[in-house]
Amino acid sequence: MSITNTPTSSNFIQNIINDDQKTNKYGQRVHTRFPPEPNGYLHIGHAKSICLNFGLAKEYNGLCNLRFDDTNPSKEEVEYVDSIQQDVKWLGFSWDNRMFYASDYFERLYQYAVKLITLGKAYVCDLTAQQMREYRGTLTEPGKDSPFRTRTVQENLELFQGMRNGEYPDGSRVLRAKIDMASPNFTMRDPVLYRIMRAHHHRTGDTWCIYPMYDYAHPLSDAIEGITHSICTLEFEDHRPLYDWVLEDWESSEKPQQTEFARLDLTNTVMSKRKLRTLVEKGLVSGWDDPRMPTISGLRRRGYTPESIRDFCDRIGVAKSNSTVDIALLEHCIREDLNTNAARAMTVLQPLKIVLTNYPEGQVEELEAENNPENEDMGIRTIPFSRVLYIEQEDFMENPSKKYFRLSPGKEVRLKYAYIIKCEEVIKDEQGNVIELHCTYDPETKSGAGTSNRKVKGVLHWASAEHAVDVEVRLYEYLLVNEEEDEADGDDFLAKLNPNSLVVRQGKAEPALANVTGGERYQFLRQGFFAADPDSKPGKPVFNRIVGLRDSWAKAQKEG
RNA sequence: AGGGGCGUCGCCAAGUUGGUAAGGCAACGGACUUUGACUCCGUUAUGCGUUGGUUCGAGUCCAGCCGCCCCUGCCA
């Protein structure tokens, strides 16, 4: 089966690059970067950025760097730089030997700041944070100049050196760009370039007590690495003039350009780092890699493939309008991938015992089953069949509607790969619950035997009681029942969490599933796609439901 | 209110110099089916936030209006 390349239309960033290639702006070079701050786990929104940046580099025969934006040691940890690398690799991208840290450039950044001071474009300011806020002005009123704005170059040079030397307490002074306190754009009102902060940095240790701000470090890091296209999200659009300002005195005339695109938002889940952290810290999920989380590690544990996530990122497009993508598209991508690639298996999630009263006691047949009807190369396996079996509770109904074509009293159904059976007797407990069915089977209807042309509409999956392995199956639903997050920040979203986002079932699976270790993916017939969880133990498998099969019957039921 | 953006089918999203609305997801019909799955076929914008204008002709140009998002961290 060949992979069809659906003709994808170009996005506005590709158009920009195409123009740059025409005008030879970067001599045909395309060099991007993925610049995460190591202060949290990557999520599907980052995957969009990763696929965009690495994808563009690949498409244009360029390069993409991985760069940790580690300019704020008070929030960053090595734990995250490790998980980020793992996630990018897992998604299928390689930065080769180009893994950098903004902190690699601290000395150059410092020297460039000295240059700006010398040029009269930066000054040391002693205003407190509170005062600076007051001086900044408001949306409609211009700010006013800091009284320290007119310090001499010499004084600024000495003070900045003193800042570096640790002569002043944290927060007592900052280095500021001298731009325009009356600018209608706040980020141009003499933004802070450096702050004093005695925090241990995960890479530079205690070498520095002053750290550069993002707006200063980022354009310079891009320039140092020879980045051509610096792609970031929409909220940085206002910062672009500052990005360009910082680079005005850069040594090379070939400067990177910033382009902004809309970050990904998904229905039925939460995406902000803060909310994800809340879920983890309040113990509402088992961790950053809980299979309900939209984190890369969560999706990985859930069973999503990197291919399906890349496909998703290709399909959602890249544009500038804020949008919320229907999570159904993500589900479509994983179903499409796994439909052709995942082996089939039978697992009964909620067992109902049935006895084939006319099947010889003690007899066991090994029935042939295809591993994947979409892919013959995946071969066949055998499944034991015997007198006592389990079927799904949902697959029996005592008083069904005419549209129900599963099992009911006196009705026939086929057991997949096996025989047509007929329900003869319903056995109940004292409360009237159905606890067992007595059925008969028709020996002439064995699958593949060609001894009968009888057709029945219903086909059920099953497990042989004597041979089945006990499995724990974790069924996941959306984190949020409502499609929209209903914003209004705060922790309101906690009240909207789906109480049934995790339902655990103790099921019965065919014996082949006994010894999974984690990561194996299957389609459980008529149920969905599942992945073995690392919690699996020999003989005691645990499965996560990645996504259910499309279910038009369930849909029809819901609509009544 | 000042600045920066955005507004094309329920959800995404193409739309090169104005020439007469791609595609995907979802939905809905139908065919096929030993997974009510998959696959296949078909249906869904005389309409591009809105009102005017320019033009033989506008989603594409102009003007006004409306709506939504971002910006007053020594966060990124």
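Look up: the structure comes first, before these words.
Calculation rules
Residues numbered from 1 in each chain as written. Chains lettered and ligands numbered in written order. Predicted model: local features only at pLDDT ≥ 70, side-chain atom pairs only at ≥ 80, totals over all residues. Heavy atoms only, no water. Helix = DSSP H or I, 4+ residues; strand = E, 2+ residues; numbered from the N terminus. Rg over C-alpha atoms; globule rule 2.2 N^0.38 Å. Buried < 20%, exposed > 50% of the residue type's maximum accessible area, 1.4 Å probe, protein only. Contact = heavy atoms within 4.5 Å. Areas by Shrake-Rupley, 256 points an atom, 1.4 Å probe, with all protein chains shown as cover. Lys, Arg positive; Asp, Glu negative; His and termini not counted. Charge placed at Lys NZ, Arg CZ, Asp CG, Glu CD. Salt bridge = Lys/Arg side-chain N within 4 Å of Asp/Glu carboxyl O. Near = heavy atom within 4 Å. Polar contact = N/O pair within 3.5 Å; in protein donor to acceptor, adjacent residues only side chain to side chain. Nonpolar A, V, L, I, M, F, W, Y, C, P; charged D, E, K, R; others polar. Pairing = 2+ DSSP bridges. Axes fitted to C-alpha atoms, helices over the stretch in contact; angles between N-to-C directions. Parallel < 35°, antiparallel > 145°, perpendicular 65-115°, else oblique. Phe/Tyr/Trp six-rings, centres within 6.5 Å; stacked < 30°, edge-to-face > 60°. Lys NZ or Arg CZ within 6 Å of the ring centre and 35° of its normal. Left-handed = near helix turned anticlockwise from the far one by under 90°.

Asks: Would you mind showing me how to read the overall build of chain A here?
Replies: Secondary structure summary: chain A contains 13 helices and 25 strands in total. Against the globule reference of 24 Å for 560 residues, chain A gives a C-alpha radius of gyration of 31 Å, more extended than a compact globule. Across its three principal directions, the C-alpha atoms of chain A cover 100 × 55 × 45 Å. Residues counted as buried form 52% of the 560 residues belonging to chain A. Across chain A, the fraction of contacts at a sequence separation of at least 24, relative to all contacts at a separation of at least 6, is 71%. Summed over all atoms, the accessible surface of chain A reaches about 26000 Å², with 47% contributed by carbon and sulfur. Within chain A, the 86 negative side-chain charges are centred at a point lying 2 Å from the centre of the 70 positive side-chain charges.

Asks: For this particular structure, what's the right way to read the pattern of salt bridges?
Replies: Side-chain pairs of opposite charge can arise whenever the charged atoms involved come near each other. Following the criterion strictly, the structure yields 41 salt bridges and no others. With its nearest N and O atoms 3.4 Å apart, the salt bridge here joins Asp289 to Arg301. Here Arg301 lies in helix α10 (residues 296-302) and Asp289 lies in the loop between α9 (273-281) and α10, a separation of 12 residues in the sequence. Under the relative-accessibility criterion, Asp289 is labelled partly exposed at 29%. Arg301 gets classed as buried once you look at its relative accessible area, which sits at 19%. The salt bridge involving Asp470 is made with Lys508; its shortest N-O contact spans 2.7 Å. Here the residue Asp470 occupies a position in strand β21 (residues 469-476), and Lys508 occupies one in strand β22 (residues 502-509), the gap between them amounting to 38 residues.

Asks: Explain the protein's contact with RNA strand B here, please?
Replies: In the vicinity of RNA strand B there are 72 residues, among which Arg344, Arg406, Lys416, Ser447 and Ser552 approach most closely. Each atom of RNA strand B within 4 Å of the protein was assigned to sugar, phosphate or base; sugar and phosphate come to 67%. For RNA strand B, a base nitrogen lies 3.0 Å from a polar atom in the backbone of Lys403. One nitrogen or oxygen atom from the side chain of Lys455 is found 2.9 Å from a phosphate oxygen belonging to RNA strand B. Among the elements of the structure, α5 (129-135), β6 (192-196), α11 (306-316), α12 (327-341) and α13 (552-559) are those that each provide at least two residues to the surface near RNA strand B. For the surface near RNA strand B, the residue count by class is 26 nonpolar, 21 polar and 25 charged.

Asks: Help me out: how do you make sense of the sheet that holds β6 in this one?
Replies: Sheet strands associate in pairs through backbone hydrogen bonding, adopting either a parallel or an antiparallel arrangement. The strand order β4-β5-β6-β7 describes an open sheet built from 4 strands, whose pairing is antiparallel. This sheet does not close on itself; its edge strands, each paired only once, are β4 (122-125) and β7 (210-212). Each strand axis lies, on average, 20° off the axis of its neighbour in the sheet, ignoring direction. Across the sheet, helix α4 (residues 106-118) touches β4, β5 (174-177), β6 and β7, and the angle it forms with β6 is around 120°.

Asks: Even after reading the chapter, I still don't get the pairing of strand β23 (residues 521-524), so can you show me in this structure?
Replies: Relative to β23, strand β10 (residues 343-345) is paired through 3 bridges, and the arrangement is parallel. Within β23, the residue paired with Ala343 across the bridge is Tyr522. Here β23 runs beside strand β24 (residues 528-532); their pairing, made up of 4 bridges, is antiparallel. Of the residues in β24, the one forming a bridge with Tyr522 is Phe530. Taking the residues between adjacent antiparallel strands as the criterion, β23 and β24 are bridged by 3 residues, where Arg526 takes a positive phi near 65°.

Asks: Help me out: how do you make sense of the packing of helix α2 (residues 44-59) against α11 in this one?
Replies: The geometry of a pair of packed helices is captured by two quantities: the angle between their axes and the separation between those axes. One can describe the packing of α2 onto α11 by two numbers: an axis separation of 9 Å at closest approach and a directional angle of 75°. Put simply, α2 runs roughly perpendicular to α11. Within the contact between the two elements, α2 uses Ile44, Ala47, Lys48 and Cys51 and α11 uses Ile309, Arg310, Phe312, Cys313 and Ile316. Tallied by class, the residues present in the contact of α2 with α11 amount to 7 nonpolar, no polar and 2 charged.

Asks: Can you help me understand helix α7 (residues 214-224) in this one?
Replies: Because an α-helix packs 3.6 residues into every turn, residues spaced three or four apart end up facing the same way. With 9 of its 11 residues buried, α7 lies for the most part within the structure. All buried positions along α7 are accounted for by Asp215, Tyr216, Ala217, His218, Pro219, Leu220, Ser221, Asp222 and Ala223. Positive phi appears at Gly226, one or two residues downstream of α7, with a value of about 70°.

Asks: Please clarify how the packing of aromatic side chains should be interpreted in this entry.
Replies: Two aromatic rings, taken as a pair, are described by how far apart their centres are and by the angle between their planes. In the structure shown here, the tally under the stated rule is 22 aromatic pairs. Seen in terms of ring centroids, Phe68 and Tyr101 are 5.2 Å apart; in terms of plane orientation they differ by 25°. Their pairing is stacked. With a gap of 33 residues between them, Phe68 in strand β2 (residues 63-68) and Tyr101 in strand β3 (residues 99-101) connect regions that are remote in the sequence. When its relative accessible area of 0% is taken as the criterion, Phe68 is described as buried. Taking relative accessible area as the criterion, Tyr101 reaches 8% and is therefore assigned buried. An angle of 50° between the planes, with centres 5.4 Å apart, marks the rings of Phe385 and Tyr419 as tilted. Here Phe385, found in strand β14 (residues 380-385), pairs with Tyr419, found in the loop between β16 (412-415) and β17 (420-428); they are 34 residues apart in sequence, far enough to count as distant. Here Phe385 matches Tyr419 in class, with each residue buried. Each residue in the set Phe106, Tyr110, Tyr112, Phe160, Tyr194, Trp208, Tyr211, Tyr216 and Trp250 is aromatic and connected to the rest through ring pairs, giving one cluster. Note that Arg203 overlies the ring of Tyr101, its terminal NZ or CZ placed 3.6 Å from the centroid.

Asks: So what exactly am I meant to see when it comes to the packing of α4 against helix α6 (residues 153-165) here?
Replies: The interhelical angle for the contact between α4 and α6, taken along N-to-C directions, is 160°, at an axis separation of 9 Å. In terms of orientation, α4 lies roughly antiparallel with respect to α6. Here α4 runs over α6; the crossing is right-handed. On α6, the residues touching Glu107, Tyr110, Gln111, Ala113, Val114, Ile117 and Thr118 of α4 are Val153, Asn156, Leu157, Phe160, Gln161 and Arg164. In terms of residue class, the contact of α4 with α6 is made up of 7 nonpolar, 4 polar and 2 charged.

By themselves, these observations are geometric and do not establish any function.
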